[in-house]
Structure formats: structure tokens, C-alpha cells
Amino acid sequence: VQLQASGGGLVQAGGSLRLSCTTSGRTSSNRYMAWFRQTPGMEREFVAALKWSGRTTSYADSVKGRFTISGDNAKNAVFLQMNSLRPEDTAVYYCAAGPSVIQSSQTSPSAYYYWGQGTQVTVSS
């Protein structure tokens, strides 16, 4: 499975971006798909996750109410709609997929097996 993230860019605070993650395989073959982000010198941080079964979602507290994760099986894609962006959202965003992720580990990068290359999001103040 190969993941390809896109949609990053430069936006002013308060603006919106929509990230896309397309996969080479069936997205539903992975129990969870997620978005993480990372800034230089910092550990990779959980942003949002989608469980295909039941389409349940979870979010980091820092993005709850502003970001929305969704998926499209027909397009083998997962999306992250980011609204009301803040300068502290600036990071490289990675999509990840995990066939064996369980609920208790969905926020941990180590639980995910497949990773995209990352897309830069920069929010100016």
C-alpha cells in the first residue's frame, strides 16, 4: 500500500485547506486511517483518525471543532478539511494507514504501518 498526501500550502490565519490522501490499495483494507503532523525537532503528533467500520472519527483536542476527517472508499482516499487555521497548525502533515490498529492505540504513530510522504501546511499570522 502506498499513500500519497497532497493539498498543503500557505494560508492566512482563519483560512481553510483540504488535504487529500490517496492510496494504491483499498482503503477499507486498513482498519484505521489517520492524519499526523510534525514540526522540526518535535515528535509526530496525532491529528485525526477514521475507523472504516462505522465511520467513527476521533480528533486531537487542539483541532476538535475545526478539522474534519472523512473518507471515500470509491476513490481510495481520505481527506482532512481544516478550517479556522491557526499559526500553531503549521507543520508537515502525514497520512497513515493501519490494518491492525485498535481503538486504544489509534493516536500512536507506532500503530500505523503505512505512511505517506507528507505535505507542508504553513499558516501565517
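Residues numbered from 1 in each chain as written. Predicted model: local features only at pLDDT ≥ 70, side-chain atom pairs only at ≥ 80, totals over all residues. Heavy atoms only, no water.

Quick look at the packing of aromatic side chains now. The description of an aromatic ring pair uses the distance of the two centres, along with the angle that the planes make with each other. Across all of its chains, the model carries 5 aromatic pairs by this definition. Aromatic pair F36 and Y112: ring centres 5.4 Å apart, planes at 75°, arrangement edge-to-face. Of this pair, F36 sits in strand 4 (residues 32–38) while Y112 sits in the loop between strand 9 (91–98) and strand 10 (114–115), placing them 76 residues apart in sequence. For Y112, a relative accessible area of 5% corresponds to the buried category. (Phe/Tyr/Trp six-rings, centres within 6.5 Å; stacked < 30°, edge-to-face > 60°. Helix = DSSP H or I, 4+ residues; strand = E, 2+ residues; numbered from the N terminus. Buried < 20%, exposed > 50% of the residue type's maximum accessible area, 1.4 Å probe, protein only.)

This part covers the sheet that holds strand 8 (residues 77–82). Judged by pairing direction, the sheet is antiparallel, and its 4 strands sit side by side in the order 1-3-8-7 without closing on themselves. On the outer flanks of this sheet lie strand 1 (3–6) and strand 7 (67–72), each paired with one strand and no other. Within the sheet, the average angular offset between the axes of one strand and its neighbour, ignoring direction, is 15°. (Pairing = 2+ DSSP bridges. Axes fitted to C-alpha atoms, helices over the stretch in contact; angles between N-to-C directions.)

Evaluation of the coordinates by the stated rule reveals 4 salt bridges. Residues E45 and R37 are paired through a salt bridge, measuring 2.9 Å at the closest nitrogen-oxygen approach. Residue classification places E45 among the partly exposed residues on the basis of a relative accessible area of 36%. Here R37 and D89 are joined by a salt bridge, their closest N and O atoms 3.0 Å apart. With R37 in strand 4 and D89 in the loop between strand 8 and strand 9, this residue pair connects regions lying 52 residues apart in the sequence. The residues R37 and D89 share a single accessibility class, namely buried. (Salt bridge = Lys/Arg side-chain N within 4 Å of Asp/Glu carboxyl O.)

Time to look at the environment of A49. Here A49 lies in strand 5 (residues 45–51). With a relative accessible area of 0%, A49 lands in the buried category. Residues A49 and A74, 25 residues apart in the sequence, show an inter-C-alpha distance of 19 Å. Leave out the neighbours within four places in its chain, and A49 touches Y32, M33, A34, T56, T57, S58, I69, Q106 and Y112. (Contact = heavy atoms within 4.5 Å.)

As for its position among the elements, T23 is in strand 3 (residues 17–23). Residue T23 is classed as buried on the basis of its relative accessible area, which comes to 12%. With sequence-adjacent residues up to four places away left out, T23 is seen in contact with V1, Q2, L3, M33 and N76.

Quick look at the pairing of strand 6 (residues 56–59) now. Judged from the 4 bridges that link them, strand 5 and strand 6 form a sheet pairing that is antiparallel. Residue pairing in the sheet places A48 in a bridge with Y59 of strand 6. A loop of 4 residues connects strand 5 with strand 6, the two strands running antiparallel in sequence, and G54 in this loop sits at a positive phi of about 85°.

The values reported here are purely geometric and, on their own, carry no functional implication.
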